[in-house]
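These are the residues of each chain, in order.
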Amino acid sequence: MAGATTTREGATAYAVPLPQYGVAARKYVTEFIGAFFLTFAVTMAALSGSAFVPLAAGATLMVMIYAGGHISGGHYNPAVTLAALVRRRIGVRDAVAYVVAQVAAGIVAGLIARAVVNPGTVRTLTLSGHTEAATAVVELLVTFALCYVVLNVATSKDHPGNGFYGLAIGFTVAAGAFAVGGISGGVFNPAVALGGATAGLFGWSTIWVYLVVQLAAGIVAGLAFLALNPGDK
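Residues numbered from 1 in each chain as written. Predicted model: local features only at pLDDT ≥ 70, side-chain atom pairs only at ≥ 80, totals over all residues. Heavy atoms only, no water.

Thoughts on the packing of helix H5 (residues 129–154) against helix H6 (residues 165–184)
Right, so step 1: Relative orientation of the contacting elements H5 and H6 amounts to 175 degrees, with a least axis distance of 10 Å. By the angle between their directions, the pair H5 and H6 is classed as roughly antiparallel. Facing H5, whose interface residues are Thr131, Ala134, Thr135, Val138, Glu139, Val142, Ala145, Leu146, Val149, Val150, Val153 and Ala154, H6 presents Tyr165, Ala168, Ile169, Thr172, Val173, Gly176, Val180, Ile183 and Ser184.
Right, so step 2: A class-by-class count of the residues in the contact of H5 with H6 yields 15 nonpolar, 5 polar and 1 charged. (Axes fitted to C-alpha atoms, helices over the stretch in contact; angles between N-to-C directions. Helix = DSSP H or I, 4+ residues; strand = E, 2+ residues; numbered from the N terminus. Parallel < 35°, antiparallel > 145°, perpendicular 65-115°, else oblique. Contact = heavy atoms within 4.5 Å. Nonpolar A, V, L, I, M, F, W, Y, C, P; charged D, E, K, R; others polar.)

As structure tokens, then:
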């Protein structure tokens, strides 16, 4: 029933519907919060020299998806938002607002992490030669895998109401970071890439490599989902 919620006791309570701008604001704030804590966890772990950056990334993404997925879909990643746009799960206006919120959150998180840790020296990853090509390849592949998993476990009509989507998505990021983190840093997210550059982890001169291949991976993942699921529009 539209406009109604059911309490645990089975009574029906009629909720006052939010104005349209209120619904939109909830989604955008949720995306900001999720992208902020994801980037904050990754940059804090990396700046402090932790060996568990992949676990920090995967676990934080998982819990933030469970926390905010019912409000915004729990993207927290411009590549995922682009994949959802291609897959026709989100409109252009919302997609643009999501990306703005995610990027702003990543940059703010990077600034705060750098200020909190305040390391004497930061090992900045600047790509060149073979490292640049290798980074482009692994970031493209794993970002595609991430977006592909998100679309299939969280948006497919064949998985209605499943409870494992957060685990699947979080473990994709953790597995990818363990596999290729030594090559590219294991980013798979333009907002995290920009936050990492703000924190000094990635060189600004080559940050475009991450952004281009990650967004391209999102587009390809969206097209792959449509091709493999022609009946799921």
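Now that the structure is up, let's keep going.
Here's the deal with unusual backbone geometry
Right, so step 1: For Arg88, which is not glycine, the phi dihedral falls at a positive 70 degrees.
Right, so step 2: With respect to the helices and strands, Arg88 occurs in the loop between helix H3 (78–86) and helix H4 (92–117).
Right, so step 3: Judged by its relative accessible area of 54%, Arg88 is exposed.
Right, so step 4: With a phi angle near 65 degrees, Phe188 is a residue other than glycine that sits in the positive phi range. (Buried < 20%, exposed > 50% of the residue type's maximum accessible area, 1.4 Å probe, protein only.)

Quick notes on helix H7 (residues 190–199)
Right, so step 1: In terms of burial, H7 is largely enclosed, as 10 of its 10 residues are buried.
Right, so step 2: Two to three positions downstream of the cap, the backbone nitrogen of Ala191 sits 2.9 Å from a side-chain oxygen, assigning the N-cap of H7 to Asn189. (Polar contact = N/O pair within 3.5 Å; in protein donor to acceptor, adjacent residues only side chain to side chain.)

So, the pattern of salt bridges
Right, so step 1: With the rule as written, the count across this model stands at 2 salt bridges.
Right, so step 2: Asp94 is the partner of Lys27 in a salt bridge, and the nearest nitrogen-oxygen pair spans 2.7 Å. Highlighted residues: Lys27 in helix H1 (residues 20–47) and Asp94 in helix H4, separated in sequence by 67 residues.
Right, so step 3: Residue class for Lys27 comes out buried when judged on its relative accessible area of 16%.
Right, so step 4: Asp158 serves as the salt-bridge partner of Lys157, at 3.6 Å between the closest nitrogen and oxygen. (Salt bridge = Lys/Arg side-chain N within 4 Å of Asp/Glu carboxyl O.)

A word on the nonpolar core
Right, so step 1: Ranked by internal contacts, the top residues of the largest apolar core, which has 48 residues, are Leu61, Ile169, Phe188, Phe202, Ile207 and Tyr210.
Right, so step 2: Going through the elements one at a time, H1, helix H2 (53–72), H3, H4, H5, H6, H7 and helix H8 (207–228) are the ones with two or more residues in this core.
Right, so step 3: Here this core gets 9 residues from one element, more than from any other, and that element is H5.
Right, so step 4: When residues no more than four places from it in sequence are discounted, the contact partners of Phe188 are Asn77, Glu139, Val142, Thr143, Leu146, Val173, Gly176, Ala177, Val180 and Gln214. (Core = buried A, V, L, I, M, F, W, Y, C linked by side-chain atoms within 4.5 Å.)

Keep in mind that these numbers describe shape and distance, not what the molecule does.
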